[in-house]
Amino acid sequence: MAPNRFHLVVKALTVCVAASLICNSAAAQQPAAPTQQISQSTVDELVRLLAAHEARIRELEQRLSAQSSGAVSITPATLAVPVAAAAPVMADMPASSVNAATPAPAPIAALVPTDQAHETIDDPHDHMMSLGGGAPALKIRGFFDFNYGVGSIANPLIFPEANNGCGTCGNPATPSHNAFQAGEFDLFLSSKISDQLSFVSEIVLGPSTTNEFGIDIERYQLTYRPNKYFSASAGRFHTSIGYYNTAYHHGTWFGTAEGRPIMYLFEDSGGTLPVHMVGLSFAGEVPHTEYLGLHWIAEIGNGLSSNPNAAESVQNFYSDRNYKATNLAFYIKPQFLEGLQIGGSWYHDGINPTQAQNPLPVPEIRQNIESAYIVYLTSKWEFLNEGVMLSNHVTGTGEAFRSPMAYTQVARKFGIYKPYFRYQYVHDNVNDPINLLKGIYYGPSVGLRLDFSEYAAFKLQYNHLFQSGQLAGNGLDGNLSFTF
Amino acid sequence: MINLRAAILTLFACAALHAQCVPGGLAVVVPKTSPTDGLSMAQLRKLVMGDVHTWPDKSKVTLVSTDTEGAVFKCMITAVVRMTTPEYRKYLLTAEFRGDEPLRMKTVDSASTAVRTVAGSAGAFSVVEASSLPSLGGSVKVLAINGKQPGEPGYPL
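## A look at the overall build of chain B
Within chain B, the secondary structure is distributed over 5 helices and 7 strands. The long-range fraction of contacts in chain B, counting pairs at least 24 apart against all pairs at least 6 apart in sequence, stands at 72%.

And the structure:
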């Protein structure tokens with residue numbers, strides 16, 4: 001279409017719209033009056049008015065353009081801002097180097113209203129719900145994984161609910177058949193309630209060897225964080241034992257490998273460590289340690305049930321003792337080597353099996369869990385190393401049952417491919433009166449993660465596991481995991 | 001015919017050059033009222049990674065950015081945190097999943113809107129093309145990085 005004709009059409013349409021508005025306005029003012037014809041002179045007048053406005057807009061645009069183009073030429077002089085010599089100037093760092101001579105406030109004129117910007121939803125996979133009126137928005141994100149397992153220990157190692165995978169973990173024994181398996185349907189819900197208050201939760205639906213889906217609220221955590229030196233959380237959270245337990249939760253898409261290391265198996269999958277805690281958690285950075293990046297964590301809450309065979313070992317509501325579990329952890333994230341994190345923790349609990357809802361004839365036990373780890377994570381490399389010592393001391397006799405456990409994992413990313421290797425060792429004392437997992441388990445896993453989409457990955461993992469009292473087993477498992 | 005080929009080749013070359021992250025091509029801007037005049041690269045990294053949430057004047061750190069698929073954002077992420085954009089998005093998601101406080105971000109339609117938003121929002125900062133600084137008209141403050149201003153030798157962005 002020729003430009004002139006295009007302009008004419010636009011003008012004609014504008015006139016029609018203007019006329020329509022006038023008619024509507026008139027109709028609104030005089031609802032009972034009959035519709036009046038617009039005379040040619042009125043239309044001409046409107047066209048003249050529009051032309052005048054267009055000319056005025058053009059004039060203003062030219063002025064604005066002239067102002068911005070001739071404004072500043074970039075020279076060192078124009079950029080000469082007093083520089084604080086790259087000294088620390090952020091609030092969360094020593095404020096002494098902040099330039100005392102605060103520049104005069106900038107003229108706020110001509111600022112575009114900030115409503116042209118919108119709070120980011122970091123990517124297109126976030127789902128927000130809000131009632132409006134300033135109420136906190138609810139953010140929902142989902143995770144799911146789907147698997148196919150072949151071999152005797154392929155799935156038990158990943159979902160060790162079958163008897164041939166974790167000994168006496170209490171679930172019905174099932175023969176290991178090749179199977180397609182639904183993983184965890186994980187709904188992650190979070191909300192920023194105020195500047196200092198936030199809430200996160202995870203609702204997980206997952207099947208077991210009974211083929212029924214069960215539902216668990218795996219995490220619910222209200223956090224008050226006034227500054228980076230202190231935060232307090234209340235609810236159910238992952239205990240800060242070691243690194244993996246708080247770095248990875250239920251969304252399997254996050255983890256490089258399939259499944260958690262045996263030592264960090266969830267309680268309802270036969271795990272021996274108290275990976276969940278219901279109570280309070282406090283955390284923060286230690287002031288004046290920016291170079292070292294020293295952080296602290298202190299937790300207190302209900303320990304696991306005194307009867308390891310309880311249907312639900314995490315004590316969400318009822319506690320079978322007054323004794324509370326405590327955990328203290330420290331870690332450093334030094335500035336001099338990005339990606340490095342070194343830490344350790346000490347957990348203590350008093351377990352009294354005679355007071356459990358289903359009592360056991362076992363004396364009171366003092367449980368200590370010490371952990372140490374060193375991890376190195378960059379966008380290319382992943383190197384995880386952890387060791388944990390679980391000690392159950394029987395009061396009265398002084399007898400102690402110690403269970404060391406450790407794993408190492410290394411991975412390197414090549415584009416969308418990420419081959420990885422994990423070797424793990426768990427030696428649960430067979431005479432321990434309250435451990436579910438008994439015996440020695442060790443062996444390698446090797447796999448390949450393929451991120452075929454930004455939010456979906458395929459993992460193929462081979463496991464070889466030596467188990468005390470049983471033949472070594474092999475397994476191959478394919479896993480499709482994604483977030484939505 | 002030869003001219004046409006040359007033109008096509010030139011266009012491709014220009015496109016390739018445009019897609020590259022040119023050293024010294026980025027600038028960090030904050031409101032003129034900000035007491036901060038400069039950052040080290042480590043501090044800028046902490047800001048972008050969401051490890052630091054407040055400025056010295058207690059204002060909340062907010063990154064104002066155009067589309068995260070844009071060239072400036074990609075170059076910024078590569079230069080500051082040495083990640084790809086998908087890796088950075090996964091990092092933010094992981095932090096949120098852990099229960100950490102993620103970096104506050106605002107997305108805007110254009111670089112000029114980003115600058116105007118920064119100018120009017122305490123605690124906001126944005127990374128823009130250094131070549132666009134002349135057109136900003138002094139509405140924002142350009143931060144020195146490692147003690148260097150854009151255009152100076154040794155400027156790290």
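Now that the structure is up, let's keep going.
## What to know about the pairing of strand β8 (residues 230-238) of chain A
Looking along a regular strand, one sees the side chains alternate between the two faces of the sheet. Residues and elements named next belong to chain A. In terms of residue burial, β8 counts as a mostly covered element, since 7 of its 9 residues are buried. Looking at chain direction, strand β7 (residues 213-227) and β8 are connected through 6 bridges and run antiparallel. From the neighbouring strand, Y224 faces β8, where its bridge partner is A232. Once β7 ends, the chain turns through 2 residues before running back antiparallel as β8. Across 8 bridges, the pairing between β8 and strand β9 (residues 276-285) is antiparallel. Note on β9: the bridge partner recorded for F237 is M277.

## Observations regarding the packing of aromatic side chains
For the structure shown, the criterion picks out 25 aromatic pairs over all chains. On the numbers, 5.2 Å between centres and 45 degrees between planes, the contact of F143 of chain A with F254 of chain A is tilted. With a gap of 111 residues between them, F143 of chain A in strand β3 (residues 138-151) and F254 of chain A in the loop between α5 (244-247) and β9 connect regions that are remote in the sequence. A residue is classified by how much of its surface remains accessible, and F254 of chain A, at 6% relative accessible area, is buried. Note on Y442 of chain A and F466 of chain A: the rings are 5.0 Å apart at their centroids and 20 degrees apart in plane angle, and the pair reads as stacked. Taken as a pair, Y442 of chain A in strand β17 (residues 439-453) and F466 of chain A in strand β18 (residues 456-467) lie far apart in primary sequence, 24 residues in all. By relative accessible area, which is 30% here, Y442 of chain A ends up partly exposed. A relative accessible area of 32% places F466 of chain A in the partly exposed class. Aromatic ring contacts, followed pair by pair, group F143, F188, W253, F254 and Y455 of chain A together with F97 of chain B into a single cluster.

## Some thoughts on the packing of helix α2 (residues 41-49) of chain B against helix α3 (residues 71-81) of chain B
Residues and elements named next belong to chain B. Where α2 contacts α3, the axes come no closer than 9 Å and their chain directions differ by 125 degrees. Relative to α3, α2 is oriented oblique. Crossing handedness for the pair α2 and α3: left-handed. Residues M41, L44, R45, V48 and M49 of α2 lie in contact with α3, whose contacting residues are M76, I77, A79, V80 and V81. Its residues placed into classes, the contact of α2 with α3 shows 9 nonpolar, no polar and 1 charged.

## What to know about the pairing of strand β14 (residues 381-394) of chain A
Residues and elements named next belong to chain A. Where strand β13 (residues 365-377) meets β14, 13 bridges bridge the pair, whose relative direction is antiparallel. Among the inter-strand pairings, N368 is bridged to a residue of β14, identified as S391. Note: β14 against strand β15 (residues 400-412), 13 bridges, orientation antiparallel. Paired with V388 across the strands is M405, a residue of β15. Hairpin connection from β14 to β15: 5 residues lie between these consecutive antiparallel strands, with G396 at a positive phi of about 95 degrees.

Parameters and conventions
- Residues numbered from 1 in each chain as written.
- Chains lettered and ligands numbered in written order.
- Predicted model: local features only at pLDDT ≥ 70, side-chain atom pairs only at ≥ 80, totals over all residues.
- Heavy atoms only, no water.
- Helix = DSSP H or I, 4+ residues; strand = E, 2+ residues; numbered from the N terminus.
- Contact = heavy atoms within 4.5 Å.
- Buried < 20%, exposed > 50% of the residue type's maximum accessible area, 1.4 Å probe, protein only.
- Pairing = 2+ DSSP bridges.
- Phe/Tyr/Trp six-rings, centres within 6.5 Å; stacked < 30°, edge-to-face > 60°.
- Axes fitted to C-alpha atoms, helices over the stretch in contact; angles between N-to-C directions.
- Parallel < 35°, antiparallel > 145°, perpendicular 65-115°, else oblique.
- Left-handed = near helix turned anticlockwise from the far one by under 90°.
- Nonpolar A, V, L, I, M, F, W, Y, C, P; charged D, E, K, R; others polar.

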